[in-house]
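Examination of the molecular architecture
What follows is each chain in one-letter form.
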Amino acid sequence: MRTLFRAGALSAVAASAVLCLPAAAHATAPGDNGTVKIHDSATGEELRRNEPHVCTFYLDAFGFDRAQQVDWHIEAWAPTAGVKGETVRSGALTLDGEGHGRTADLTLPDGHYKLFWNFAGEKGSAKHKVFWTDCGEDATAPAPSASASPSASPSASEAPAETPAAEAAPSSSPSPQGGEGDLAETGNGAPVGLLSAAAAALLGAGGYLVLRRRRA
């Protein structure tokens, strides 16, 4: 009886182990448990958001199995594709120990595209993302330089030099005609000294004539 009981218990344990093996194998084997995002070149790798409108961009993968091998390519897509499905970029990379990896920065002409992300161990179709590139003219055209407006008033270097007070206006008083020792002039222009001497000579001559008549 005990032998039958022990045999039944061992059988149950063995059956449980067999049933658990597929689940354990599925948990450790490479699978489709990751995601890939389109990131603007200025977006940090740690952010897990998708940015479907970019100019310069990169592909950023998260949550895949460690050291997983990835092959990817980008196809031109409607409505802007000249030939829908034409491969315009492709590459490969190996993800790190945490299942993360990123490409280098990429550029494409403005348009609509679709990313196909294939990896080792995938059990369905490739991961994919559609996105637009739009750099526009404003992204490449240099900004117009601001023209300097003319100054309302001339600068200090352009302002006319001030005229000295002595040269700005003529003196209101006439300058003297002679040197510092010259005598003043009369209305007829003869010097006062000469007139005084002539008057004294005439007075002397008159006195002399008077005395002479008295003696005669």
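Being a predicted model, the structure only gives us computed values, none of them experimental.

Rules used in this analysis
Residues numbered from 1 in each chain as written. Predicted model: local features only at pLDDT ≥ 70, side-chain atom pairs only at ≥ 80, totals over all residues. Heavy atoms only, no water. Helix = DSSP H or I, 4+ residues; strand = E, 2+ residues; numbered from the N terminus. Buried < 20%, exposed > 50% of the residue type's maximum accessible area, 1.4 Å probe, protein only. Contact = heavy atoms within 4.5 Å. Core = buried A, V, L, I, M, F, W, Y, C linked by side-chain atoms within 4.5 Å. Salt bridge = Lys/Arg side-chain N within 4 Å of Asp/Glu carboxyl O. Phe/Tyr/Trp six-rings, centres within 6.5 Å; stacked < 30°, edge-to-face > 60°. Lys NZ or Arg CZ within 6 Å of the ring centre and 35° of its normal. pLDDT = per-residue confidence, 0-100. Pairing = 2+ DSSP bridges.

Observations regarding the overall build of the chain
A tally of helices and strands in the chain yields three helices and eight strands. Each helix (α) and strand (β) of the chain, taken in turn from the N terminus, gives the series α-β-β-β-β-β-β-β-β-α-α. Buried residues in the chain amount to 20% of all 216 residues. Put simply, of all contacts in the chain between residues at least 6 apart along the chain, 59% involve residues at least 24 apart.

Looking at the nonpolar core
Ranked by size, the top nonpolar core spans 20 residues in total, and within it Phe-57, Leu-59, Trp-72, Ile-74, Leu-115, Trp-117 and Phe-131 carry the most contacts. Among the secondary structure elements, those contributing two or more residues to this core are strand E1 (35-40), strand E3 (57-62), strand E4 (69-76) and strand E7 (111-119). Filtering out sequence-adjacent residues up to four positions away, Leu-115 remains in contact with Val-36, Ile-38, Leu-59, Trp-72, His-73, Ile-74, Lys-127, His-128, Lys-129 and Phe-131.

Examining the pattern of salt bridges
Overall, the coordinates contain three salt bridges when judged by the stated rule. The salt bridge involving Arg-102 is made with Glu-45; its shortest N-O contact spans 3.6 Å. Highlighted residues: Arg-102 in strand E6 (residues 101-102) and Glu-45 in the loop between E1 and strand E2 (53-54), separated in sequence by 57 residues. Residue classification places Arg-102 among the partly exposed residues on the basis of a relative accessible area of 28%. Residue Glu-45 is classed as partly exposed on the basis of its relative accessible area of 31%. In this structure, Arg-49 engages Glu-51 in a salt bridge whose closest nitrogen and oxygen atoms are separated by 3.4 Å. When its relative accessible area of 15% is taken as the criterion, Glu-51 is described as buried.

A word on the packing of aromatic side chains
Evaluation of the coordinates by the stated rule reveals five aromatic pairs. Through a chain of ring-to-ring contacts, the aromatic side chains of Phe-57, Tyr-113 and Phe-131 assemble into a single cluster. Looking at Arg-102, its charged tip hangs above the ring of Tyr-58, at a distance of 3.7 Å from the centre.

Focus on unusual backbone geometry
Omega for the bond connecting Ala-78 with Pro-79 falls within 30 degrees of zero, at 10°, which places this linkage in the cis form. Residue position: Pro-79 is located in the loop between E4 and strand E5 (87-94). In this model, Ala-67 sits at a positive phi of 55°, which is unusual for a non-glycine residue. Within the secondary structure, Ala-67 sits in the loop between E3 and E4. Classification of Ala-67 by relative accessible area gives partly exposed; the value is 45%.

Describing the confidence of the model for the chain
Taken residue by residue, the chain gives an average pLDDT of 72. The fraction at 70 or more is 52%. When pLDDT is averaged over each element of the chain, E2 comes out on top at 98 and helix H2 (residues 165-168) at the bottom at 44. pLDDT under 50 marks residues 17-29. Its contacts with residues more than four places away, or in other chains, come to two contacts. Between residues 139-190, whose pLDDT stays under 50, and residues either more than four places distant or in other chains, the model counts seven contacts.

Considering the sheet that holds E3
What the three strands build is an open sheet, ordered E1-E3-E6; its pairing is antiparallel. In the strand order of this sheet, the two ends are held by E1 and E6, each with one partner. Two elements, E1 and E3, share six bridges in a ladder whose sense is antiparallel. Bridge assignment links Val-36 to a residue of E3, and that residue is Ala-61.

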